[in-house]
Amino acid sequence: MTLHWQPFQLRPETPPGGMPLSAMLPRQYLERADASLQAATRAANLPLNRPLSGPNDPLVPNTHLAHEAGAFAEEHGKGDAFHRATLRAYFGAAQDIGRPEVLVAIGKSVGLDAEALSRALADGTYREAVDRELAMVQEFGITGVPTFLFGPGLAFSGAHPYDVFQRAMAAAGYAPNP
């Protein structure tokens, strides 16, 4: 089975410079969601250090450029490494992944040509391709991230225990990794 990262913008209306999460969702909801997210990341021994737009107010970047950089990385054989590094940069190192210079640094860290990536982002080389993929994802009815597709009729969204993934893989006909 091959892992394929598909672009998805949870909040496509986010302006290019990003916006505070508190401007998108009610404070009471955010407090409950953040408490749950903090507990889950602690339990998994994962860092959670998102960039902030103000005191205790995460910055939500517009991720379109990150998806364009991801398309560049995919084309150059570094897609999975780039996507994972981008998630670590945002959730672990509090970097604003809506900024081209951050994306170029991430690309360079996984072995991509920084100058070529910078040019591709500036020129919008992958903009239309990403827009087409975003439209396709909408047509599939995907409304949340992460969403995992294992085959026709076999998909789920959100965080799940590892055994859920194992069962889905088995149902799709793939043997588990030893």
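In case you missed it, the structure is sitting above this.
Here the residue index of a chain counts from 1 through its sequence in written order. A pLDDT threshold of at least 70 governs which residues receive local features in this predicted model, and a stricter bar of 80 or more applies before side-chain atom pairs are shown or counted, although totals over entire chains, interfaces and linings include all residues. Hydrogen atoms and water are omitted, and side-chain values are computed over all heavy atoms in the structure.

Visitor: So what exactly am I meant to see when it comes to the overall build of the protein chain here?
Guide: Counting its regular elements, the protein chain contains seven helices and five strands. Listing every helix and strand of the protein chain by position from the N terminus yields β-α-β-β-α-α-α-α-α-β-β-α. Here the radius of gyration uses the C-alpha set of atoms, whereas the globule reference equals 2.2 Å times the residue count to the power 0.38. Computed over the C-alpha atoms, the radius of gyration of the protein chain is 17 Å, within 12% of the 16 Å expected from 2.2 N^0.38 for a compact globule of 178 residues. Viewed in the frame of its principal axes, the protein chain has a C-alpha envelope of about 40 × 40 × 30 Å. Where helices and strands are cited, they refer to DSSP runs of H or I of at least four residues and of E of at least two residues respectively, numbered from the N terminus.

Visitor: Just to check I follow, could you spell out a nonpolar patch on the surface for this structure?
Guide: Put simply, a patch holds well-exposed residues, over 30% relative accessible area, that have no salt bridge, with like charges counted together within 9 Å and Val, Leu, Ile, Met, Phe, Trp or Tyr side chains within 5 Å. Per-residue and other accessible areas were derived by the Shrake-Rupley procedure at a 1.4 Å probe size, with only the shown protein chains allowed to occlude residues. Salt-bridge detection follows one rule: a side-chain nitrogen of Lys or Arg within 4 Å of a carboxyl oxygen of Asp or Glu. Together, Met136, Phe140 and Leu149 give the surface a local cluster of nonpolar side chains, amounting to about 310 Å² of exposed area. Take methionine 136: it is sitting in helix α6 (residues 127-139). The rule is simple: take the accessible area with a 1.4 Å probe, protein chains only, and divide by the maximum for that residue type; under 20% is buried, over 50% is exposed, in between is partly exposed. For methionine 136, a relative accessible area of 34% gives the class partly exposed.

Visitor: Sorry if this is basic, but what is going on with the side chain of histidine 64 here?
Guide: On the secondary structure map, histidine 64 appears in helix α2 (residues 64-75). A distance of 2.7 Å separates polar atoms of two side chains, one belonging to histidine 64 and the other to glutamate 68. Any pair of residues with heavy atoms lying within 4.5 Å of one another is described as a contacting pair. Ignoring any residue separated from it by four or fewer positions in sequence, one finds histidine 64 in contact with Gln9, Arg127, Val130, Asp131 and Leu134. Polar contact criterion, stated in full: a pair of N or O atoms within 3.5 Å, where within protein one must be able to donate a hydrogen and the other to accept it, and residues adjacent in sequence count only if both atoms are side-chain atoms.

Visitor: Whenever I open this one, the pattern of salt bridges confuses me. Can you help?
Guide: For side chains of opposite charge, pairing can occur when their charged atoms come near one another. Scanning the entire structure with this criterion turns up five salt bridges. Notably, a salt bridge pairs glutamate 68 with arginine 127, separated by 4.0 Å at the nearest N-O pair. Taken together, the residues glutamate 68 in helix α2 and arginine 127 in helix α6 connect sequence positions 59 residues apart. The exposure class of glutamate 68 is buried, given its relative accessible area of 3%.

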